[in-house]
Amino acid sequence: GAGVSQSPRYKVAKRGQDVALRCDPISGHVSLFWYQQALGQGPEFLTYFQNEAQLDKSGLPSDRFFAERPEGSVSTLKIQRTQQEDSAVYLCASSSNPGQGASQYFGPGTRLTVT
Amino acid sequence: QKEVEQDPGPLSVPEGAIVSLNCTYSNSAFQYFMWYRQYSRKGPELLMYTYSSGNKEDGRFTAQVDKSSKYISLFIRDSQPSDSATYLCAIPLSGAFGNEKLTFGTGTRLTIIP
């Protein structure tokens with residue numbers, strides 16, 4: 001029973017580089033969320049998928065951020081032209097059922113440092 | 001005003017003490033309340049999940065919701081060094097299509113001193 005996995009665990013990017021962060025949710029989980037956690041803060045919502053459909057991207061901070069989940073399982077969060085303010089831990093979470101009551105299970109996160 | 005407010009601490013207590021962690025929230029329509037624990041360099045893990053008002057107990061942990069004052073609490077009895085972590089309160093914001101995006105407090109960093 002594997003949990004949510006994320007890769008890479010750590011990423012250092014030079015300012016202006018593009019990065020791609022991967023999330024493998026728990027098998028069979030319909031819902032997938034991405035959150036951003038700045039140092040000393042709670043996670044902040046970025047985007048939500050139900051299967052392959054991206055139903056809410058209201059939390060994405062700019063059009064440099066793009067997420068996809070083409071086959072309804074693995075998801076990738078891409079950040080183009082990284083900036084120093086993008087430095088944070090990016091967390092992925094999945095849950096079994098959309099709607100009230102479904103617990104979200106988090107991965108370990110990817111720590112992104114932009115230099 | 002943020003939807004959920006939490007004192008960031010840090011909080012240090014001796015082993016065996018009772019710990020009280022608290023959050024306030026802004027919207028009286030909120031019904032579900034969660035506490036997550038996050039160890040250093042790990043993702044948050046769900047500790048307790050309560051619906052509406054009242055208490056819920058799980059071992060040494062008790063979650064309490066007071067909807068009249070919009071106040072949620074987590075109590076840890078007989079605290080252990082392994083309880084040292086950041087504790088986050090969270091509330092799901094129910095949206096369309098079953099979107100249960102979570103809004104989190106800042107997190108309280110707790111250290112239990114042996």
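Per chain, residue numbering runs from 1 following the sequence as it is written. In the order they appear in the text, chains get letters beginning with A and ligands get numbers beginning with 1. It should be noted that, the model being predicted, local features are given only for residues of pLDDT at least 70 and side-chain atom pairs only at 80 or more, the latter also being counted only at that level, while totals for whole chains, interfaces and linings use all residues. Heavy atoms from the whole structure form the basis of all side-chain values; hydrogens and water molecules are not counted.

Caption draft 1: Quick peek at the state of the cysteines. Criterion for a disulfide: a pair of cysteine sulfur atoms at a distance within 2.5 Å. Tallying each qualifying case throughout the model produces 2 disulfides over all chains. The side chain of Cys 23 of chain A participates in a disulfide bridge whose partner is Cys 92 of chain A; the two sulfur atoms lie 1.9 Å from each other. Its S-S torsion of about -65° marks the bond between Cys 23 of chain A and Cys 92 of chain A as left-handed, since a negative value means left-handed. Note that Cys 23 of chain A is positioned in strand β3 (residues 19-24) and Cys 92 of chain A in strand β9 (residues 88-95), a separation of 69 residues in sequence. As far as burial versus exposure is concerned, Cys 23 of chain A and Cys 92 of chain A are alike and both buried. A disulfide bridge connects Cys 23 of chain B with Cys 89 of chain B, and the sulfur atoms are separated by 2.0 Å. An S-S torsion of about -100° defines the bridge between Cys 23 of chain B and Cys 89 of chain B as left-handed. Taken together, the positions of Cys 23 of chain B in strand β3 (residues 19-25) and Cys 89 of chain B in strand β9 (residues 85-94) put the pair 66 residues apart, joining distant regions of the chain. Using a 1.4 Å probe on the protein chains alone, a residue whose accessible area is under 20% of its type maximum counts as buried, one over 50% counts as exposed, and one in between counts as partly exposed. Looking at Cys 23 of chain B, the relative accessible area reads 1%, which means it is buried. Note on conventions: DSSP H or I runs of at least 4 residues are helices, E runs of at least 2 residues are strands, and numbering of each starts at the N terminus.

Caption draft 2: The arrangement of the interface of chain A and chain B in detail. Opposite the 28 residues of chain A that make contact, chain B presents 21 residues. Summing the contributions of chain A and of chain B, the shared interface buries around 1,900 Å²; its carbon and sulfur component is 50%. Take a side-chain nitrogen of Lys or Arg and a carboxyl oxygen of Asp or Glu: if they are within 4 Å of each other, that pair is a salt bridge. Taken together, the links from chain A to chain B amount to 1 salt bridge. A salt bridge links Asp 56 of chain A to Lys 101 of chain B; its shortest N-O distance comes to 3.0 Å. In protein, a polar contact requires one atom able to donate a hydrogen and another able to accept it; more generally it is a pair of N or O atoms within 3.5 Å, and residues adjacent in sequence count only if both atoms are side-chain atoms. Taken together, the links from chain A to chain B amount to 8 residue pairs in polar contact (both at pLDDT 80 or more). For the side of chain A that touches chain B, the elements supplying multiple residues, two or more each, are β4 (31-37), β5 (44-50) and β6 (53-56) of chain A. If one sorts the elements of the side of chain A that touches chain B by residue count, β5 of chain A sits on top with 4 residues. As a working rule, the residues Ala, Val, Leu, Ile, Met, Phe, Trp, Tyr, Cys and Pro are called nonpolar, Asp, Glu, Lys and Arg charged, and the rest polar, with Gly in that last group. Its residues assigned to classes, the side of chain A that touches chain B comprises 12 nonpolar, 12 polar and 4 charged. Contacts are assigned to residue pairs that have any heavy atoms within 4.5 Å of one another. Accessible-area loss on putting two parts together, using a 1.4 Å probe and summing over both, is the definition of buried area adopted here.

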